[in-house]
Amino acid sequence: MKTILTGIRANSELTLGNYLGALLPMVRLANKYSDEMNVNIFVPDLHSIIADIDGDLQKNIVRTIKYYLAAGLKVTPNVHIYRQSYVPAHSELCWILNCITTMGEASRMTQYKEKSEGRDSCNVGIFDYPILMASDILLYSAEYVPIGEDQFQHIELTRNLAMRFNNRFGEIFTVPVKTAEQVKFMGISDGIRIRDLLNPEKKMSKSTLAENSKIMLDDSPELATKKIMSATTDSLGKIKFDMFNQPGISNLLVTDALVTDTPLQDVIATWAGETRYGELKKKVGMDVAEMLREFQSKLTGISDDEIYALFDLGEKYANEVAGAKLREVQKSVGLR
Ligand code: ATP
Ligand code: MG
């Protein structure tokens, strides 16, 4: 059986952008395939500690999985939910892969370059993180790893390490499919990019300081509506989908399509010829509020115990699968 693998770091509260661009598409994909594939959903808690953690990491870990459930994830027997740090094989394989990775290729990772900004004070975890990510994937022979564009380079690195290892030590790893095929599998032509509400040329990011630039998943529905009402638009006076000239308006149309699960073309058609931005904002504000209300009410209905029970089951499975793969690796390099 094939495997899909995904994880979202639990460092802080997520934005509406994270929800619409990462969480929801993943939940839809999982629900679509979990009859015929393994769906591994893990909390990369070891990845979390390379950066600042906002709040309590333990709470954030549990909350992250609650988000999947509140977003509609169906937990079938093929869905495996686990914490990375509860499966020691991840760290162990990372060490072995470190030893076949060159400084050159790890240094070329754009995320590392951006996050370190050449500072000597940057921690080694930030440098090594793509190799831990390769371990996360290869231990489970995952072919599909639905990710954003910002992670494509890490998938290519994972593929290179798997092929290099297989060449030297025998056919041990399943090589994940190329990024172009990953995108096809996800079923989205262009990545979804929800824009910053105040500066719609940029994408919405949780690390942006201005509160009104982003909608957080724990914002009250009223606050979210207010933020939409104060979103930056333009002075062209027509409601048209044109990301280049009217990014603010286009972002509102995209957001509405996603929160109401309506094809974007239909939303665009509804507003064709309209000129009143206030009306559009009101509608989007209402729809986002409605989505949040439903999401938050589902969230409060999920207990911590429920999540810990899922971890228990998932970690048993993960340790078996990952442990067996690690053993193969150890044997092939002569450690066993
Ligand atoms: P940070 O500011 O810390 O980089 P972020 O909001 O960009 O936070 P990430 O942790 O980098 O979030 O990404 C988590 C996931 O959310 C990734 O899959 C990423 O592609 C997706 N994502 C992030 N921002 C958006 C957005 N504005 N629209 C759609 N998807 C997004
Ligand atoms: Mg980011």
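As shown above, the structure is provided for reference.
Described in the following lines is the structure provided in the data block. All values reported here derive from a predicted model rather than from experimental measurement. (Residues numbered from 1 in each chain as written. Chains lettered and ligands numbered in written order. Predicted model: local features only at pLDDT ≥ 70, side-chain atom pairs only at ≥ 80, totals over all residues. Heavy atoms only, no water.)

## A short note on helix α11 (residues 247-260)
To keep things clear, this is the line we draw: The secondary structure listing takes helices from DSSP runs of H or I that are at least 4 residues long and strands from runs of E that are at least 2 residues long, numbered from the N terminus. Here a helix's expected span is defined as the number of its residues, less one, multiplied by 1.5 Å. Relative accessibility thresholds used throughout: buried, under 20% of the residue-type maximum; exposed, over 50%; partly exposed, between the two (1.4 Å probe, protein chains only). Contacts are residue-level and defined by heavy atoms, with any inter-residue pair within 4.5 Å sufficient.
Over its 14 residues, α11 runs 20 Å from end to end, which matches the ideal 20 Å to within 8%, given 1.5 Å per residue. Most of α11 sits out of view: twelve of its 14 residues are buried. Taken together, the buried positions of α11 are occupied by P247, G248, I249, S250, N251, L252, L253, V254, T255, D256, A257 and V259. For α11, the elements touching its buried residues are α1 (16-33), α10 (221-229), α12 (264-271) and α13 (277-300).

## Re the pattern of salt bridges
Quick reminder of the rule: Each reported salt bridge corresponds to a side-chain nitrogen of Lys or Arg within 4 Å of a carboxyl oxygen of Asp or Glu.
Evaluation of the coordinates by the stated rule reveals 17 salt bridges. Of the charged contacts in the structure, one is a salt bridge between R119 and E117, with a shortest N-O distance of 3.7 Å. R119 sits in the partly exposed class, given a relative accessible area of 39%. Take E117: its relative accessible area is 62%, and that puts it in the exposed class. A salt bridge links E279 to K282, with the shortest nitrogen-to-oxygen separation between them at 3.6 Å. Taken together, the positions of E279 and K282, both in helix α13 and three residues apart, correspond to about one turn of that helix. Residue classification places K282 among the partly exposed positions, given a relative accessible area of 49%.

## Quick notes on the side chain of R83
Quick reminder of the rule: Side-chain atoms alone can form a polar contact between residues adjacent in sequence; in general such a contact is a pair of N or O atoms within 3.5 Å, and within protein one must be able to donate a hydrogen while the other accepts it.
By secondary structure assignment, the location of R83 is in strand β3 (residues 79-83). A distance of 2.7 Å separates the side chain of R83 from the side chain of E315, its partner in a polar contact. Not counting residues up to four positions away in its chain, the partners in contact with R83 are V43, D45, I61, Y308, F311 and E315.

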